[in-house]
Amino acid sequence: MPYTWTDNDTHIDLHLEPHQSLTPRGFVWFMGATCALISLPLFSLLGTATLWALLPFLAVAVGLQWGFLNRNKRDRSVHEHLRIDATTTELVRHNPRAADQSWDCNTYWVQVNMHDTNPRIPHYVTLTGNGREVELGAFLTEEERMSLKDELVARFSDLRRVPPSGPAAPHGGDQAS
């Protein structure tokens, strides 16, 4: 799962981040294989003027591929952090090319919603409270968002359970007054 729960004594943390299928090691291998495969046909052109005419175009192709893969990596560096305690729920979204966004609300009033009618993002999960509605995990897959919604509902209902508060029974059996 691209999200992890961390339970502490005083609060619960949820970290969400998108899938990163291309690791740094995989990036090096992919770029190396691309350069090797592009250079294979060039061996037959060694010592000719055609080689020098093709090299700038091949260099631009490799450079563009390098740049686009790095741009994709930066765009996928978005992550969200949800902190829930008995009184306050806070969501912070760290954007790759924009300022961080934050939202907070009293934990008791937070509502977890799932919107099934959005054609672009099916099973869209939001948190509502404090007069605002904020998205959560839009970069997750459809199944992950459905699972996340169920887990959020369970976590919030656990926090809202108030132990029965009544007069404590005296120890040692019934006592007459």
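Described below are features of the structure shown in this document. (Residues numbered from 1 in each chain as written. Predicted model: local features only at pLDDT ≥ 70, side-chain atom pairs only at ≥ 80, totals over all residues. Heavy atoms only, no water.)

On to the overall build of the chain. When helices and strands are counted, the chain shows 3 helices and 8 strands. Its helices and strands in sequence order give the chain the pattern β-β-α-α-β-β-β-β-β-β-α, from N to C terminus. Expected size for 177 residues packed as a compact globule is a radius of gyration near 16 Å; at 27 Å, the chain overshoots this value by more than 25%. Dimensions along the principal axes, computed over C-alpha positions, put the chain at roughly 110 × 35 × 30 Å. (Helix = DSSP H or I, 4+ residues; strand = E, 2+ residues; numbered from the N terminus. Rg over C-alpha atoms; globule rule 2.2 N^0.38 Å.)

Turning to the environment of Val-92, a few remarks are in order. Secondary-structure assignment places Val-92 in strand E4 (residues 88-94). For Val-92, a relative accessible area of 17% corresponds to the buried category. Residues Val-92 and His-115, spaced 23 residues apart in sequence, show a C-alpha to C-alpha distance of 21 Å. The residues touching Val-92, leaving out its near neighbours within four places in the chain, are His-79, Glu-80, His-81, Gln-101 and Ser-102. (Buried < 20%, exposed > 50% of the residue type's maximum accessible area, 1.4 Å probe, protein only. Contact = heavy atoms within 4.5 Å.)

Moving on to the nonpolar core. Counting 22 residues, the largest nonpolar core has Leu-127, Leu-136, Leu-148 and Leu-152 as its most contacted members. Only strand E1 (3-7), strand E2 (11-16), strand E3 (79-85), strand E5 (101-106), strand E7 (124-129) and helix H3 (142-160) provide two or more residues apiece to this core. Ignoring any residue separated from it by four or fewer positions in sequence, one finds Leu-152 in contact with Trp-5, Leu-14, Leu-82, Val-112, Val-125, Leu-127 and Leu-136. (Core = buried A, V, L, I, M, F, W, Y, C linked by side-chain atoms within 4.5 Å.)

This part takes up a nonpolar patch on the surface. A surface patch of nonpolar side chains, amounting to about 470 Å² of accessible area, comprises Leu-37, Leu-40, Phe-43 and Leu-46. Residue position: Leu-46 is located in the loop between helix H1 (24-39) and helix H2 (49-75). Of the residues examined, Leu-46 reaches a relative accessible area of 56% and is grouped as exposed. (Patch = residues over 30% accessible without salt bridge, like charges linked within 9 Å, V, L, I, M, F, W, Y side chains within 5 Å. Areas by Shrake-Rupley, 256 points an atom, 1.4 Å probe, with all protein chains shown as cover. Salt bridge = Lys/Arg side-chain N within 4 Å of Asp/Glu carboxyl O.)

Okay, H1 next. Because each turn of an α-helix spans 3.6 residues, side chains separated by three or four positions end up pointing in the same direction. Taking 1.5 Å as the rise per residue, H1 with 16 residues should run 22 Å; its terminal C-alpha atoms sit 23 Å apart, in good agreement. Along H1, the residues that are buried comprise Phe-27, Met-31 and Thr-34. An end-on view of H1 places all buried positions within 60° of arc, on one side of the element. Summarising the geometry of H1, the exposed residues directed more than 90 degrees from the buried face are Arg-25, Val-28, Trp-29 and Leu-37. Those residues of H1 that are buried are in contact with H2. (Expected span 1.5 Å × (residues − 1). Arc of directions from axis to C-beta.)

Right, let's talk about the packing of aromatic side chains for a bit. Taken as a whole and assessed by the stated rule, the structure comprises 2 aromatic pairs. Aromatic side chains Tyr-108 and Trp-109 sit 5.0 Å apart centroid to centroid with 90° between the ring planes, which places their arrangement in the edge-to-face category. This pair shows no difference in class: Tyr-108 is exposed, exactly as Trp-109 is. We note Arg-155 situated over the ring of Trp-5; from NZ or CZ to the ring centre the distance is 4.3 Å. (Phe/Tyr/Trp six-rings, centres within 6.5 Å; stacked < 30°, edge-to-face > 60°. Lys NZ or Arg CZ within 6 Å of the ring centre and 35° of its normal.)

In this section: the packing of H1 against H2. With their axes 11 Å apart at the nearest point, H1 and H2 run at an angle of 165° to one another. With respect to their mutual orientation, H1 and H2 come out roughly antiparallel. When you trace H1 past H2, the crossing you get is right-handed. In this structure, H1 contributes Phe-27, Phe-30, Met-31, Thr-34, Cys-35 and Ile-38 to the contact, and H2 contributes Leu-58, Val-62, Gln-65, Trp-66, Leu-69 and Asn-70. Its residues assigned to classes, the contact of H1 with H2 shows 9 nonpolar, 3 polar and no charged. (Axes fitted to C-alpha atoms, helices over the stretch in contact; angles between N-to-C directions. Parallel < 35°, antiparallel > 145°, perpendicular 65-115°, else oblique. Left-handed = near helix turned anticlockwise from the far one by under 90°. Nonpolar A, V, L, I, M, F, W, Y, C, P; charged D, E, K, R; others polar.)

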